[in-house]
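Single-letter residue listing:
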Amino acid sequence: MAGVVSKMWDDALLKYNVPRETVGRAVAVAAVAAYAAKLSVPRVRRWLQSGDDNGQPGADNNNLPPIKKRRSQVDIKRMHRVNKEFLLQLEKLLRVMIPGVWSKESALLGVHTLSLAARTFLSIYVAALEGHIVKHIVRRDARSFMLMLLRWFAVAIPATFINSAIRFLECKLALAFRSRLVDHAYGLYFNDQTYYRVSNLDGRVENADHCLTDDISAFTSSVAHLYSHITKPLFDCALVTVALAQSTHQMGANVVQGPLLACAVITVTGHILKAVSPHFGQLVSEEANRKGYLRAIHSRVIANAEEIAFYNGQKVELNHLRRAYKSLVFQMNKIFRQRLWYVMLEQFLMKYVWSGTGLVMVSLPILTGARQAGTGHGSSSSSDSVSQRTQYFTTAKNLLVSGGDAVERLMSSYKEIVELAGYTARVAEMLQVFEEVSRGEYQRTAVTNSKGVHTQSCLVQFNSEGQPLIKGRILESKDGSIRLEEVPIVTPNCDIVVSSLSIAVEPGTHLLITGPNGCGKSSLLRILSGLWPIYAGKLIRPAVCSMFYIPQRPYMTLGNLRDQVIYPDTVQEMAAKGIADTDLENILAVVRLRHIVTREGGWDVEADWKDVLSGGEKQRMGMARLFYHKPQFALLDECTSAVSLDVEGAMYQAAKDAGITLLTITHRPSLW
């Protein structure tokens, strides 16, 4: 097909009397002009818009929701690039993924490296074998030709196996890296309630679920693929250079000329591509960011489907989804446009310029070598000389093709390294945020910067960036009481609800808290539970295991009916406490839920309990957990608002009889 098109093209040029060189120059000039326009037009546009928005181009953020606009501006300033920070982040993550020399990951890496090296040796052997095959074809030696062909087919079997093994080991390596990184990330995420603090007290990681799944998967796959994409080309370049030098020496030519020419062309190509390369790391990082935001909106719709349906709010939610999706499409189209021109220049340099350079390198030993045709006597000597040159040309051509592909992969891997920088930055920043949050270091972007709010109390101190300083202390109570001494109640947005609160609750002294919405009732329980930090004063409380918090909407975990009652204990911990299923039935009888065991089919039945149980049944299940754990203090946040008055009174009386001190938030006068 290519030959037919080329012939038609030549006929057209001959018909209109147009020189082929003129058309080639015109095409080259047009390509260079188009690429120059591509580079200059955005810069001119940004220069013309420099008077608006402090010189920042607005096109990128037109389709972004407000939250994403702030995040995008931060990413633009940070500009994920291949620099020292990227190398330090990558080194830290590699230490997690490869914990030691004798680890499973090191063994996989070693086997993978041996497979890559074996594939390089086979490529060189096949190139030399094809040279011998062509040599025997030129000599018309049918017997030697058939023997070489059989040897060529025999080599194909291990070669194809090694190719398949390389892909298999790359996937296994990516999976092993991901498993190590996921275990490490999960350990940080579920340490000291970090999963709550990241989303409620800190604003740097907006979509932790996306970072823990897609970002880690993309990062580990990129690392494993990049290792193969760099290691094998390095083997190819080293061994192919040695093989070419040996072949050139056998032809009696200068060994240095070809490699010097190749190094000069490759160096110039690298500098050109580096100068015009877009910031793929920043672009890929922003794309992952917008994917995470779109996924978060879908999760919100699924989690609040009933409320949205009651309000008929599908139109509003659809608009949110469309805006997020258009923002993602805009970013992806931007990456596609950047890659279009970059790949065009990359292919021109690596395919055509390098091919021409390779032809020069192959021709130099033949044109300048000491072993020339005609030096011998007779037709036999002339035939041997031609066959030798043909063998050299075939072998050198195959070796140059392998070497050119290797260098091309090395050059194009820079783009993949820049993209890896984006994934590395997101994963490393996520792990860093997890570590800082577990140490009590928070950064909230939606901080109130009003001076009036900050100066209403001298107890809460703020740093220069408007972040509150955690100066309070949490001590363990010796007498089992709960005491707050001049503790301010501050929300995650730094709204000071109560400037200073002092209170003491002794064991056996029940406390009922009531008041209008927004006065800090639930905030007080969050501080007592340790969910919110203490910015000033002292909190003296018993051990966390002596306090049990029940929210208004109890959480129904995955598992069977037994798991709902004993949560967060496991069946093994339940058995260690000496509690049997009959004891659980007695607990359910206290909260008027014994019939559920028979209704649902027994203790071992698994179901989606948040949908199976009604609102009142879920609240009574929360109270059943209270009677199972029997803590010293119970923090009840309107946990019986959907329960009838008679059942509510019976449960509270049973809790008092069990010796549990109640701290209750309620709007019902009957509980007074």
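Model, not experiment: these values are computed from the prediction. (Residues numbered from 1 in each chain as written. Predicted model: local features only at pLDDT ≥ 70, side-chain atom pairs only at ≥ 80, totals over all residues. Heavy atoms only, no water.)

A. Structural view of the overall build of the protein. Counting its secondary structure elements, the protein contains 22 helices and eight strands. Looking at the 672 residues of the protein, the share that counts as buried comes to 42%. Considering only contacts within the protein whose residues lie at least 6 apart along the sequence, 79% involve residues at least 24 apart. Counting only carbon and sulfur atoms, one obtains 59% of the accessible surface of the protein, whose full area is about 36300 Å². (Helix = DSSP H or I, 4+ residues; strand = E, 2+ residues; numbered from the N terminus. Buried < 20%, exposed > 50% of the residue type's maximum accessible area, 1.4 Å probe, protein only. Contact = heavy atoms within 4.5 Å. Areas by Shrake-Rupley, 256 points an atom, 1.4 Å probe, with all protein chains shown as cover.)

B. Geometry of the pattern of salt bridges. Counted according to the given criterion, the structure contains 19 salt bridges. Among the salt bridges present, the one from D215 reaches R426, with a minimum N-O distance of 2.7 Å. Remark: R426 occurs in helix α13 (residues 378–438) and D215 occurs in helix α8 (residues 208–250); sequence separation between them is 211 residues. The exposure class assigned to D215 is buried, which follows from its relative accessible area of 2%. Salt bridges sharing partners connect three or more residues here, namely D202, R204 and E436. (Salt bridge = Lys/Arg side-chain N within 4 Å of Asp/Glu carboxyl O.)

C. How the structure looks around the pairing of strand β8 (residues 661–665). Among the five residues that make up β8, five are buried, leaving the element largely enclosed by the rest of the structure. Both faces of β8 are covered, namely the face carrying T661, L663 and I665 and the face carrying L662 and T664. Examined bridge by bridge, strand β4 (residues 511–513) and β8 share three bridges and lie parallel to one another. Note that in β8 the partner of L511 across the bridge is L663. Across five bridges, the pairing between strand β7 (residues 633–637) and β8 is parallel. From the neighbouring strand, D637 faces β8, where its bridge partner is I665. Once the chain exits β7 it traverses helix α22 (residues 645–657) before rejoining the sheet at β8, and the crossover so formed is right-handed. (Pairing = 2+ DSSP bridges. Right-handed = clockwise from strand over helix to strand, strands pointing away.)

D. Expanded view of the confidence of the model for the protein. Residue-level pLDDT values for the protein average 78, and 77% of them are 70 or greater. This model gives residues 47–79 a pLDDT under 50, and the stretch forms 47 contacts once residues within four places in sequence are excluded. Residue range residues 446–457 is modelled with pLDDT below 50. Its contacts to residues more than four positions away, or to other chains, number 17 contacts. (pLDDT = per-residue confidence, 0-100.)

E. Here's a closer look at a nonpolar patch on the surface. A contiguous nonpolar patch, built from Y186, F190 and Y195 and spanning about 330 Å² of accessible area, is present on the exposed surface. Mapped onto the elements of the fold, F190 is located in the loop between α6 (142–189) and α7 (194–200). Overall, the relative accessible area of 54% leaves F190 in the exposed class. (Patch = residues over 30% accessible without salt bridge, like charges linked within 9 Å, V, L, I, M, F, W, Y side chains within 5 Å.)

F. Main features of the side chain of S523. Structurally, S523 is set in helix α15 (residues 521–529). Look past the residues within four positions of S523 in its chain and what remains in contact with it is I489 and W532.

G. Highlighting the side chain of E317. You can see E317 is positioned in helix α12 (residues 314–368). No salt bridge is formed by the buried E317; the nearest opposite charge belongs to R300, separated by 5.3 Å. In contact with E317, not counting residues within four places along its chain, are V301 and I308. (Lys, Arg positive; Asp, Glu negative; His and termini not counted.)

H. Just the environment of K274, in detail. Looking at the element boundaries, K274 is found in helix α9 (residues 257–276). In this structure K274 comes out as exposed when scored by relative accessible area, which is 59%. For the pair K274 and K415, spaced 141 residues apart in sequence, the C-alpha to C-alpha distance is 9.3 Å.

I. Region of interest: the sheet that holds strand β6 (residues 547–550). Strand order in the open sheet formed by four strands is β4-β8-β7-β6, and the pairing between neighbours is parallel. The open sheet has two free edges, formed respectively by β4 and β6, since each of these has just one partner strand. Averaged over all adjacent pairs, the angle separating strand axes in this sheet is 10°, with direction ignored. In the sheet, β6 pairs with β7 via four bridges, with the strands oriented parallel. Directly across from F548, in β7, lies its bridge partner A634. The strands touched by α15 within the sheet are β4, β6, β7 and β8, with β7 carrying the most contacts at an inclination of about 145°. (Axes fitted to C-alpha atoms, helices over the stretch in contact; angles between N-to-C directions.)

J. Representation of the packing of aromatic side chains within the structure. Under the counting rule described, the total for this entry stands at six aromatic pairs. Centre to centre, the rings of W152 and F153 are 5.4 Å apart; their planes meet at 75°, and the pair counts as edge-to-face. Look at W152 and you get partly exposed, because its relative accessible area is 32%. Aromatic side chains Y189 and F190 sit 5.2 Å apart centroid to centroid with 80° between the ring planes, which places their arrangement in the edge-to-face category. Taken together, the ring pairs in this structure connect Y189, F190, Y195 and F434 into an aromatic cluster. (Phe/Tyr/Trp six-rings, centres within 6.5 Å; stacked < 30°, edge-to-face > 60°.)

K. Region of the structure containing the packing of helix α21 (residues 615–629) against α22. Taken N-terminus to C-terminus, the directions of α21 and α22 make an angle of 15°; their axes are 11 Å apart at the nearest point. If you check the angle between α21 and α22, you find them roughly parallel. In terms of crossing hand, the pair formed by α21 and α22 is left-handed. Here R620, M623, L626 and F627 of α21 come into contact with α22, specifically with V647, M651, A654 and A655. (Parallel < 35°, antiparallel > 145°, perpendicular 65-115°, else oblique. Left-handed = near helix turned anticlockwise from the far one by under 90°.)

L. Examining the sheet that holds strand β3 (residues 496–505) more closely. In space, the four strands of this open sheet follow the order β1-β5-β2-β3, with mixed pairing throughout. Only two strands of the sheet have a single neighbouring strand rather than two, namely β1 (473–476) and β3. Averaged over all neighbouring strand pairs, the angle between strand axes comes to 25°, with direction disregarded. The sheet contact formed by strand β2 (residues 482–490) and β3 spans six bridges and is antiparallel.

M. Region of the structure containing unusual backbone geometry. With omega at 10°, the peptide bond leading from Y567 into P568 counts as cis. Of note, P568 is situated in the loop between α16 (561–566) and α17 (571–576). Even without a glycine there, the phi angle at Q193 is positive, about 60°. We note that E638 has phi near 50°; this positive angle belongs to a residue other than glycine. Locating E638 in the fold gives a position in the loop between β7 and α22. Here E638 falls in the buried class, since its relative accessible area comes to 19%.

N. Expanded view of the nonpolar core. Counting 58 residues, the largest nonpolar core has F219, M430, L431 and L528 as the members making the most contacts within it. Once you skip the residues sitting within four places of it in the chain, L528 turns out to touch I482, L484, L539, R541, M547, L635 and L663. Within the second largest apolar cluster, 35 residues are counted, among which are V565, V591, M623 and A624. (Core = buried A, V, L, I, M, F, W, Y, C linked by side-chain atoms within 4.5 Å.)

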